[in-house]
Amino acid sequence: MDSNLSHLEFLEAESIEIIREAIAGAKNPVMLYSIGKDSSVMLQLALKSFYPASPPLPLLHVDTTWKFKEMYNFRNQIARDSGMELLVHTNQEGVKAGISPFTHSSNYYTDVMKTQALRQVLEIGGYDVILGGARRDEEKSRAKERVFSFRSEGHNWDPKAQRPELWNLYNTKLNNGQTMRVFPLSNWTEKDVWQYLLQEKISIVPLYFAKERPIVYRNETLIMVDDERIPLETGEKPQMKSVRFRTLGCYPLTGAIESNASTLEEIVLETMKAKTSEREGRLIDSDEAGSMEKKKREGYF
Amino acid sequence: MKNISEFLLNQYQKKTLRLITCGSVDDGKSTLIGRLLHESQNVFEDQLKSLEKDSEKFGTHKNELDFSLLVDGLKAEREQGITIDVAYRFFETEHRRYIVADTPGHEQYTRNMATAASNAELAILLVDAQKGILAQTRRHYRIVTLMGIRNLVIAVNKMDLVQYKENVFQKIDSDFRNLVLDHDLNQIQVIPISATKGVNITENDQTISFYSGPSLLEYLDQLQIRNSSNNLKVPSSQESSFRMPVQRVIRPDESYRGFSGRIASGSVSNGDLVKILPSGVQSSVRSVDFWKNSISNASKNTSITLTLEDEVDVSRGDVICAYEDPPEIADQFQVDLIWMSKEPLIPGRQYLMRLHQQEVNAQVTRIRFKEEIETGKHLAAETLEMNEIAQINLSTNRPVVFEPYSSNRLMGGFIIIDKMNFDTVGAGIIKFALRRSSNIHWQKLQVNKVQRAKQKMQTPKCLWFTGLSGSGKSTIASLVEKKLHADGIHTYLLDGDNIRHGLNRDLGFTNEDRVENMRRISEVAKLMVDAGLIVIVSFISPFRAERQMVRELFDPSEFLEIFVDTPLEECERRDTKGLYAKARSGKLKNFTGIDSVYEPPESAEIKLNTITSKPEKCVDMILEKINIF
């Protein structure tokens, strides 16, 4: 880049520009907050974009009720510290029907507790612009998505009919019933996120740091026993292992990696040498071919 | 690399290069990127595993990894083996970080290719060694130059399939150099490669014996990038002056008023004298703020917030710039435009133009010529179809702050938005202003609209009747005028048919002519309202976009849209002029309702049903609604 800026400075400036544009075009914006490290970066960027004013939008957590306990604690702490409004929504019909990642397929579970839940709360809140922390390096269909991505009335994505998006000119005008999803971290990589967390000394959920945790093996994946809802087979005993998480989601669907990296510096170094992609630990991405694209078309973030 | 500080320092110094790969279908773009990712060790093990699986299922190379499947992520793409939309990929080497946009080769996805090219500093244009330079290669080359990319690598791919023959390579090399003769490029490098075999990608292992230059990655790693704004013809003092389009005014409380934006060029420091455009007001910088710090100065690409010494009026879309060297302001431009919509461009129609944070109405006043992209020939054109490139004159409804694209991409690149469905339908670059707005003056008149209307003791209005031919517009309009005239009101009736005999007799019935027809009638109506009259326009006016344009010419209280909502079957049954019969038999072309579209109003002030209400009743309804005295 013909630039005086370092790559992180450039990415930061670009993301701030995007966030300000998203808000300028929005009537009723909201920022998805998933408690993960990308959400932490998004929150920091939002605070910087409008400082000394407070970001003019609330945070929204779509809660499946199956997140790690430490994530809930962290979320509540952040809501207090940031001074931003935090909205939480759960698909109550799914809860009543007893939808669980242990008894239902990950596909069905994700559809009901995440995709449907998200659609419900977007309808209820009438949000027109929804900011999220997805990155293009995460997955192949995400690599194809625009920074400002449009959804039809039914929240569906049509990857074949994306608006041209030239220079830094973002057409934020919505036709009847359309909504817009905005991804300010589109050009960031996992490495960038970790380096930024380190540079900015941003606090993240402690689960990202290695520690001895109770672990069982499921489908070649290390699953942490976070509460008593996990059904153990007869004779199965959780083992204590030093593990950390590269991404965080619902605990029954999120694989840990064995690691001793207990500081951000160590994680950055480990990430640099990583031989597998970060989403390998996400069981829902690989449950069928082209599965992320399918979920996105249906309204998943 | 042993420790963290060494690693971070290395990362800090490593710059990012944003590039695109382009070229014709099947020249191997996706395969090349997949190969680059793999060879530079940026493919993870689990991704490699799923690539092996996918290669068996979709792959086109027997028993080999199909690297294109690393990149083509959409289901339709994998099934059809083509690229539909841009995919962004990330990799890094010891020297650089790369963001690669892989662009589609098919002509119908040219707009996606332009999307990717607009933010790239370098293009890799692939050429299939077996096929040489194709029409699509020329098209992509043209878009690359249009978008101002001045660093170009021609990768002559599939050299393995021509047995690495030198004469094949030399032919393509010289063909290409003939093609680029007219263009001002900084750097071109032509490199023979084989993406599927991995030849000459990371290193030149002499498989291609006649070629002693750098491999593709070696070349990219060492390249000095000059971007489009480093135009050697522009003196350096001009290109680096400070400009910041304002995105937002930040005002948490009375004590702070900051103007935030991203610096488009130059740098700014505390105490700098600045000008705010388009108002031209002067002030100086009190502080340059970022996050919790006052940073005292900032330069190009940074997102910052400025506070100024004076209480000046600044809002989104304004440009804060160096006082001694402000950018230009104008409302008429010569531009290069690429059209991106299935709906053709219609000169005279109003579109939205977005140029940095400014948003204005704009219309094409003249298509100078369109380009036959494959040959570069200039052709005359009435309209533009999807993916066509043209040089046009563009006029905006108010002056905008700009710089020519060749000296500043961010101040000279714009998009065109359809006013009805808000799609992005075109993108363009400003070449220069046709005249400076400072030279245009409205002749100030001694008597104004209010005074003229007062003398007539009435409130001027425009009653705009729209509806199909034979719907009863003219009958009702004429009755309305008769009634008003009888009451001593000063009126004038503009009838579509009558005007086509005089003022508009040079216009036909194509969509372009209909738009021009409407533009003229609306300007005439506006003059008459200005004269203090009640103007009654009876006019099919089939398109929503143009009716909206007419509406915007008037003050909100002056304009009433009256929709004579008679169904097509009824109009056709009446067929007072015998036109429907002619149109049905094919003797009359472009007839509204038959083979030319009528877009009914969505929010007309008055809607008339001529089946249930007699014309006299309709007239009463209208007179009740309007307030003339």
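Above this text you will find the structure in question.
Residues numbered from 1 in each chain as written. Chains lettered and ligands numbered in written order. Predicted model: local features only at pLDDT ≥ 70, side-chain atom pairs only at ≥ 80, totals over all residues. Heavy atoms only, no water.

Caption draft 1: Structural context of the pattern of salt bridges. Going through the model one piece at a time under the given rule, you end up with 49 salt bridges over all chains. Here B:Asp173 ties to B:Arg177 by a salt bridge, and the two come within 3.1 Å at their closest N and O atoms. Placement of the pair is B:Asp173 and B:Arg177 together in helix H7 (residues 166–179), with a separation of four residues, close to one helical turn. Connected through salt bridges with shared partners, the residues A:Lys191, A:Asp192, B:Lys14, B:Glu92 and B:Arg97 form a single ionic network. (Salt bridge = Lys/Arg side-chain N within 4 Å of Asp/Glu carboxyl O. Helix = DSSP H or I, 4+ residues; strand = E, 2+ residues; numbered from the N terminus.)

Caption draft 2: Region of the structure containing the interface of chain B and chain A. In this complex, chain B contributes 91 residues to the contact, which on the side of chain A involves 71 residues. Summed over both sides, the interface of chain B with chain A buries roughly 7,000 Å², with 55% coming from carbon and sulfur. At the junction of chain B and chain A, the tally comes to eight salt bridges. Across the pair A:Glu14 and B:Arg18 runs a salt bridge, and its minimum N-O distance is 2.8 Å. Counting every contact that joins chain B to chain A gives 29 residue pairs in polar contact (both at pLDDT 80 or more). Tallied by class, residues from the side of chain B that touches chain A come to 37 nonpolar, 27 polar and 27 charged. (Contact = heavy atoms within 4.5 Å. Buried area = accessible area lost by both parts, 1.4 Å probe. Polar contact = N/O pair within 3.5 Å; in protein donor to acceptor, adjacent residues only side chain to side chain. Nonpolar A, V, L, I, M, F, W, Y, C, P; charged D, E, K, R; others polar.)

Caption draft 3: Region of interest: the packing of helix H1 (residues 7–24) of chain A against helix H6 (residues 190–200) of chain A. Residues and elements named next belong to chain A. Where H1 contacts H6, the axes come no closer than 11 Å and their chain directions differ by 95°. One finds that H1 runs roughly perpendicular with respect to H6. In this structure, H1 uses His7, Leu8, Leu11 and Glu12 to contact H6, whose residues at the interface are Asp192, Gln195, Tyr196, Gln199 and Glu200. The residue makeup of the contact of H1 with H6, split by class, is three nonpolar, three polar and three charged. (Axes fitted to C-alpha atoms, helices over the stretch in contact; angles between N-to-C directions. Parallel < 35°, antiparallel > 145°, perpendicular 65-115°, else oblique.)

Caption draft 4: Fine view of helix H5 (residues 106–125) of chain A. Residue and element names in this part refer to chain A. Its 20 residues give H5 an end-to-end C-alpha distance of 27 Å, which sits within 8% of 28 Å, the value for a rise of 1.5 Å per residue. Maximum bend of H5: about 30°, positioned at glutamine 116. Listed as buried for H5 are Ser106, Tyr109, Thr110, Val112, Met113, Lys114, Thr115, Ala117, Leu118, Val121 and Leu122. Count one or two residues on from H5 and you reach glycine 126, which has phi positive near 60°. (Expected span 1.5 Å × (residues − 1). Bend = angle between axes of the 7 residues up to and from the residue. Buried < 20%, exposed > 50% of the residue type's maximum accessible area, 1.4 Å probe, protein only.)

Caption draft 5: Just a negative patch on the surface, in detail. Residue and element names in this part refer to chain B. A cluster of acidic residues, Asp253, Glu254, Asp310 and Glu311, forms a negative patch at the surface. Looking at the element boundaries, aspartate 253 is found in the loop between strand S7 (243–250) and strand S8 (258–262). Classification of aspartate 253 by relative accessible area gives partly exposed; the value is 40%. (Patch = residues over 30% accessible without salt bridge, like charges linked within 9 Å, V, L, I, M, F, W, Y side chains within 5 Å. Areas by Shrake-Rupley, 256 points an atom, 1.4 Å probe, with all protein chains shown as cover. Lys, Arg positive; Asp, Glu negative; His and termini not counted. Charge placed at Lys NZ, Arg CZ, Asp CG, Glu CD.)

Caption draft 6: Up close: the packing of H6(A) against helix H7 (residues 264–273) of chain A. All names here are of chain A. Packing of H6 against H7 brings their axes to within 10 Å, and their N-to-C directions diverge by 165°. Comparing the axis directions of H6 and H7 gives the class roughly antiparallel. As H6 packs across H7, the resulting crossing turns out to be left-handed. Contacts between H6 and H7 involve Glu190, Lys191, Trp194, Gln195, Leu197 and Leu198 from the former and Leu264, Glu265, Ile267, Val268, Thr271 and Met272 from the latter. The class makeup of the residues in the contact of H6 with H7 is seven nonpolar, two polar and three charged. (Left-handed = near helix turned anticlockwise from the far one by under 90°.)

Caption draft 7: Representation of the nonpolar core. Within the largest apolar cluster, 78 residues are counted, with the highest numbers of intra-cluster contacts made by B:Ile20, B:Leu32, B:Leu122, B:Ile124, B:Met147 and B:Leu220. Among the elements that line this core, the one with the most residues is strand S4 (residues 122–128) of chain B, at six residues. In this structure, B:Leu32 is in contact with B:Ile124, B:Leu126, B:Ile193, B:Ala195, B:Ile201 and B:Leu216, ignoring residues within four places of it in sequence. Judged by nonpolar contacts, the second largest core, of 73 residues, contains A:Val182, A:Leu198, A:Ile202 and A:Phe209. (Core = buried A, V, L, I, M, F, W, Y, C linked by side-chain atoms within 4.5 Å.)

Caption draft 8: Just the environment of B:Leu152, in detail. If you trace the backbone, B:Leu152 turns up in strand S5 (residues 151–157). Residues B:Leu152 and B:Ala531 lie 379 residues apart in sequence; the distance between their C-alpha atoms is 59 Å.

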